[in-house]
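Commentary on secondary and tertiary structure
In case you want the letters, here they are:
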Amino acid sequence: MWEYKNGNYIVKILDDGTKLRLSDNPIPELPESIDVKITNKCNAGCAFCHEKSTPDGKSFDVDLAYKLFNDLPSGIELAIGGGNPLECSRDLKWLMRKCYYKIFNITINAVHLDDLDFNPKAIGISYKSELHDKIKMFVDKNDKYSQCVIHLIAGVHTFEDLKRCTKDFKRILILGYKKVGRGISYYNENIEKEIQTFKQEIGHYFNKNIIAFDNLALEQLDVKRYFSDKKWDTMYMGKDGEFSMYLDLVEKKYAVSSRSEERFDIGDLTIKEMFSKIRQI
Amino acid sequence: MQIRKSIFETNSSSTHSVVVDGGTDYEVPEIKEDIIVINGNEFGWGYEQLKKWKSKAEYCATYAFLYGREKDVTLLKQVIEDYTNKKVVFNVDKEDHYIDHQSIDSAEEAFAEYASLKNLIFGKESYITIDNDNH
């Protein structure tokens, strides 16, 4: 279990990932989680990639990452992504060893599962239907070491994909469709149709699995309509930038989220100083 | 207090904002059709309690078309279409359908605003009681 004081409140994280924010009016000094981009290198070639990652993309400066993360309290979650973060495996493992008390979670595409040779606290797996059986074998084998969360994008993935995933996987994260990067030209009426199907049917799956949403998916699928205001207030962890921030260690920029057009130079700032600016936006 | 249940933050493109691990507060309708047809009905001879969303919607449609205002019809359509994300058409017959005068007030209050009408139709705890002069 992790526990730390953040501004005027306490954050507790249990071993299964449950996070408790112990306050009715929390005002954070630090982000509870940081979305960290460490590379723009990736050979998956996803047509919808909002990061526009390529096989010759640049990667991060691990010393800068260490400088930024070393002083953060134990319990702050670092959601490492790219590109394909396994392109920087050596540096990432070094960083995890040096900051062993931080919670490192990574997101990788299912096509790269074979390349993973270490155990982060949690693994987000970008789903590919043609690799379903392989993903299942991976999750069955690894979930006890690293919590596995299947990532689906409403519209890129179909509702049939979701139905199939709910049968085989306990934890699923549904992401909204990002009309940025290559996601702009990839968008079409079939994607919109799938998003609408997600919106119509998603309520039927709330009893069966642990299903999480990002803010964009909440908006696109109108998830709130299924819940009372009271329950929603307990479940909703805040809008992007309220308790979280985005760090692009490749371009050395920070922002509210990866969808933000407005980005700022990291320079010599600490995480606390960056987050203070994020909170003012 | 806010709680994120049973999952770590893995999202590398924005953050987990809501984790659902349990049931909803509102009924989740099982709808196969692309267009939902809400029929009118005869609501007069009780005693009866309407608990399913469709029967409550039929009652509300009967009320809105036969006893309500134009904006009640508009509100009803909007509430059901928003919640189900499907098109809605109504089929209420002025000759055959009715609500006993004892029961009309049940609907009238709910039509006061969007949230109360949604609660009446889709709320798991909400129901409409049908009654008549003989009870």
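Everything below is about the structure printed above this text.
Okay, so let's go over this structure. Just so you know, these numbers come straight off a predicted model, no measurement behind them.

A count of helices and strands for chain B gives 4 helices and 8 strands. Starting at the N terminus, the α and β elements of chain B follow one another as β-β-β-β-β-α-α-β-β-α-α-β. Scored against the burial criterion, the 135 residues of chain B give a buried share of 53%. Contacts in chain B between residues far apart in sequence, at least 24 positions, make up 72% of those at least 6 positions apart.

Attention now goes to the environment of A:Val11. Residue and element names in this part refer to chain A. Mapped onto the elements, Val 11 comes out in strand 2 (residues 9-13). You can call Val 11 buried: its relative accessible area is 1%. Separated by 11 residues in sequence, Val 11 and Leu 22 have C-alpha atoms that sit 6.2 Å apart. For Val 11, the contacting residues outside a window of four places in its chain are Trp 2, Glu 3, Tyr 4, Asn 6, Lys 19, Leu 20 and Glu 32.

Grouped together as the largest cluster of nonpolar side chains are 125 residues, with contacts concentrated most on A:Phe69, A:Ile174, A:Phe213 and A:Leu247. With 7 residues, the single largest contributor to this core is helix 1 (residues 53-67) of chain B.

Let us look at the interface of chain B and chain A. On the chain A side, the residues contacting the 36 residues of chain B number 67 residues. Summed over both sides, the interface of chain B with chain A buries roughly 4,500 Å², with 52% coming from carbon and sulfur. The interface formed by chain B and chain A contains 1 salt bridge. We note a salt bridge from A:Glu77 to B:Arg4, for which the minimum N-O separation is 2.8 Å. Counting every contact that joins chain B to chain A gives 26 residue pairs in polar contact (both at pLDDT 80 or more). Mapped by element, the contributors of at least two residues to the side of chain B that touches chain A are strand 1 (2-4), strand 2 (16-20) and helix 2 (70-84) of chain B.

Under the defined criterion, the tally for this structure stands at 21 aromatic pairs over all chains. For the ring pair A:Phe48 and A:Tyr186, a centre distance of 5.6 Å and an interplane angle of 55° mean the geometry is tilted. Taken together, the residues span a long stretch of sequence, with A:Phe48 in the loop between strand 4 (33-37) and helix 1 (62-69) and A:Tyr186 in helix 5 (residues 183-186) at a distance of 138 residues. Joined through ring pairs, the aromatic side chains of A:Phe206, A:Phe213, A:Tyr226, A:Phe227, A:Trp232, A:Tyr236, B:Tyr26, B:Trp53, B:Tyr83 and B:Phe122 make up one cluster. The ring of A:Phe243 carries A:Arg21 above its face, with NZ or CZ at 3.5 Å from the centroid. A cation sits over an aromatic face here: A:Lys179 above A:Tyr187, 4.1 Å from the ring centre.

Generally, phi is negative for residues other than glycine and the peptide bonds are trans, each holding for most cases. Residues and elements named next belong to chain A. Residue Gly 82 is joined to Gly 83 through a cis peptide bond whose omega torsion reads 20°. Tracing the sequence through the fold places Gly 83 in the loop between strand 5 (77-81) and helix 2 (89-98). At Lys 52, a position not held by glycine, the phi torsion is positive, near 55°. Relative to the helices and strands, Lys 52 resides in the loop between strand 4 and helix 1.

Rules behind the numbers
- Residues numbered from 1 in each chain as written.
- Chains lettered and ligands numbered in written order.
- Predicted model: local features only at pLDDT ≥ 70, side-chain atom pairs only at ≥ 80, totals over all residues.
- Heavy atoms only, no water.
- Helix = DSSP H or I, 4+ residues; strand = E, 2+ residues; numbered from the N terminus.
- Buried < 20%, exposed > 50% of the residue type's maximum accessible area, 1.4 Å probe, protein only.
- Contact = heavy atoms within 4.5 Å.
- Core = buried A, V, L, I, M, F, W, Y, C linked by side-chain atoms within 4.5 Å.
- Buried area = accessible area lost by both parts, 1.4 Å probe.
- Salt bridge = Lys/Arg side-chain N within 4 Å of Asp/Glu carboxyl O.
- Polar contact = N/O pair within 3.5 Å; in protein donor to acceptor, adjacent residues only side chain to side chain.
- Phe/Tyr/Trp six-rings, centres within 6.5 Å; stacked < 30°, edge-to-face > 60°.
- Lys NZ or Arg CZ within 6 Å of the ring centre and 35° of its normal.

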